[in-house]
Structures are given as structure tokens and as C-alpha cells.
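Listed below, chain by chain, are the residues.
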Amino acid sequence: MVNDLQRQFAAYMGTPTRARGYPPYEGDHALIVEVSPALAIERVIDLALRAVPAVQPGILYVERQFGVLEIHSQDLDDVVRAGEAILAGTGNKANDQLRPRVLYHDVIENITDQHTVILNRNRQASMVMPGESLLVYEMTPALFAAVAANEAERVSPGITLVDVQMIGAAGRLYISGTTEDVTLARDRITKVLDGIEGREHG
């Protein structure tokens with residue numbers, strides 16, 4: 001669950017490379033599901049939309065190993081009911097999920113102009129600027145980057161979400177701003193991820 005989508009993260013979720021369906025808006029509530037094998041995500045979306053037609057699918061992505069679904073609504077109860085339908089239909093419980101595991105994080109202060117140029121090479125917006133501090137954060141499963149990005153923006157609304165990678169083998173965040181803001185974001189991410197229940201990695 002990603003409750004109360006923050007402004008930048010909601011905008012990120014609505015970009016054409018992310019939202020193949022219906023873009024979410026600030027204040028919406030979202031549920032993001034990742035499954036393996038990848039094609040099982042088609043059963044997952046069917047379960048959600050049949051049970052709660054009011055929820056909107058934003059992302060349906062089938063990659064080599066994992067399938068990813070994002071659904072959202074202004075009504076939190078709708079999103080919760082869709083999640084419950086997915087769990088019931090697949091014979092799972094919420095705490096059957098893998099717990100997030102932090103792989104790496106670092107705060108790079110006063111980032112150089114050459115570093116920003118190469119980081120921003122593929123950015124059309126949300127760029128890191130020379131002299132800012134850059135937070136990099138990596139975790140697995142990848143979808144927890146969505147939770148992390150939204151919580152970082154909630155606690156530090158002045159940050160810039162430079163990049164959020166929430167699909168693949170690992171999730172990655174690039175967040176820029178003042179050292180104080182990105183450090184606060186880092187600490188919030190770590191606390192939130194540490195509090196999520198689930199199975200330990202094998």
C-alpha cells in the first residue's frame with residue numbers, strides 16, 4: 001500500500017513510461033503488487049478489477065521474471081478491498097510478502113557539475129543541480145522504492161525525486177536537495193522499510 005500519494009511521486013507515476021493506463025493524482029491511494037512468475041499478474045489484475053471496478057489500473061508491466069500491477073483510487077476503502085480480493089483469490093495473506101531489505105544507501109554532498117551532467121543525461125525534468133546533496137538508496141524487492149519515494153517526499157517536501165526505479169531485480173532512488181532534507185528522507189525511508197512485516201529473504 002502507498003497511501004496519500006505525494007505531488008512529485010504521483011506525477012512520476014503518471015509519466016508515459018510508467019502509467020500505461022490511468023494516471024493517479026496527488027492524494028490518491030495506491031496498491032502495488034509484484035509477483036513471480038510474471039504472467040500471474042494477469043490473474044491478479046482480473047481479481048482486483050472484478051471485485052472493485054471503481055479502482056483504476058495505472059501500471060501493468062510484465063518483464064522477464066516479475067509482473068507488476070499498480071491500482072489506485074481516491075477512496076482508500078476501494079484500494080483495500082481490491083487488495084483483499086487479490087489475497088483471497090491467490091490464497092495468500094498480507095504478511096506472505098517478502099520484507100524489504102536495504103542493499104545500499106549514501107548521501108553525496110555538494111555534488112559536482114560533471115556528476116550532475118551525466119546523471120541528468122536522460123532526464124527531461126526533476127534534475128539534480130550542482131552543489132546539491134544526492135541521496136541514493138537501493139532495496140529489494142524493487143516495488144518498495146515506491147513506498148520509499150512517497151515517504152521521502154512526505155517528510156521532506158522540498159526534495160526533488162530525480163529518479164525512482166521500482167521494477168526489476170532491485171529498487172533504486174535518486175533524491176536531491178539540501179543535506180538536511182535528503183538526510184531526513186533517508187532516515188524516514190529506513191524507518192518505514194524496517195517496519196514493514198513479511199517473510200525474510202531466503
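It should be noted that the structure appears before, not after, this text.
As the structure is a prediction and not an experimental result, all values here were calculated from the model. (Residues numbered from 1 in each chain as written. Predicted model: local features only at pLDDT ≥ 70, side-chain atom pairs only at ≥ 80, totals over all residues. Heavy atoms only, no water.)

A. Geometry of helix α2 (residues 41-51). For α2, the complete set of buried residues consists of I41, V44, I45, L47 and A48. Across the axial projection of α2, the buried residues extend over an arc of 160°, all falling on one side. Set apart from the buried face of α2 by more than 90 degrees, the exposed residues are R43 and R50. In this structure, the buried side of α2 is in contact with β1 (29-35), β2 (56-62), β3 (67-73) and α3 (76-90). (Buried < 20%, exposed > 50% of the residue type's maximum accessible area, 1.4 Å probe, protein only. Helix = DSSP H or I, 4+ residues; strand = E, 2+ residues; numbered from the N terminus. Arc of directions from axis to C-beta. Contact = heavy atoms within 4.5 Å.)

B. Structural detail: the environment of A51. Tracing the backbone through its elements, the reader meets A51 in helix α2. Residue A51 is classed as partly exposed on the basis of its relative accessible area, which comes to 39%. It is 11 Å that separates the C-alpha atoms of A51 and A88, two residues lying 37 residues apart in sequence. For A51, the contacting residues outside a window of four places in its chain are R81 and A85.

C. Molecular detail of the packing of aromatic side chains. The tally for this structure, following the rule as stated, stands at 1 aromatic pair. Between the aromatic rings of F9 and Y12, the centroid separation amounts to 5.7 Å while the plane-to-plane angle is 25°, which identifies the pairing as stacked. Taken together, the residues span about one helical turn, with F9 and Y12 both in helix α1 (residues 7-13) at a distance of 3 residues. By the burial criterion, F9 is buried, and Y12 matches it. (Phe/Tyr/Trp six-rings, centres within 6.5 Å; stacked < 30°, edge-to-face > 60°.)

D. Seen up close, the sheet that holds strand β4 (residues 101-108). The antiparallel open sheet is built from 4 strands, whose spatial order is β4-β5-β7-β6. Two strands close off the open sheet at either side, each with one partner strand: β4 and β6 (160-165). Going from strand to strand, the sheet's axes swing by 10° on average, the running direction of each strand aside. Sheet strands in contact with helix α5 (residues 144-155) are β5 (133-140), β6 and β7 (171-177), and its direction is about 15° off that of β7. Sheet strands in contact with helix α6 (residues 179-194) are β4, β5 and β7, and its direction is about 15° off that of β5. (Pairing = 2+ DSSP bridges. Axes fitted to C-alpha atoms, helices over the stretch in contact; angles between N-to-C directions.)

E. Region of the structure containing the pattern of salt bridges. Per the counting criterion, the structure on display carries 12 salt bridges. The closest approach of N and O atoms between R172 and E138, which form a salt bridge, is 2.7 Å. Linking R172 in strand β7 with E138 in strand β5, this pair joins segments that are 34 residues apart in sequence. With a shortest N-O distance of 3.0 Å, R186 and D187 are connected by a salt bridge. Judged by its relative accessible area of 22%, R186 is partly exposed. Residues participating in the shared-partner salt-bridge network are D4, E151, R154 and R188. (Salt bridge = Lys/Arg side-chain N within 4 Å of Asp/Glu carboxyl O.)

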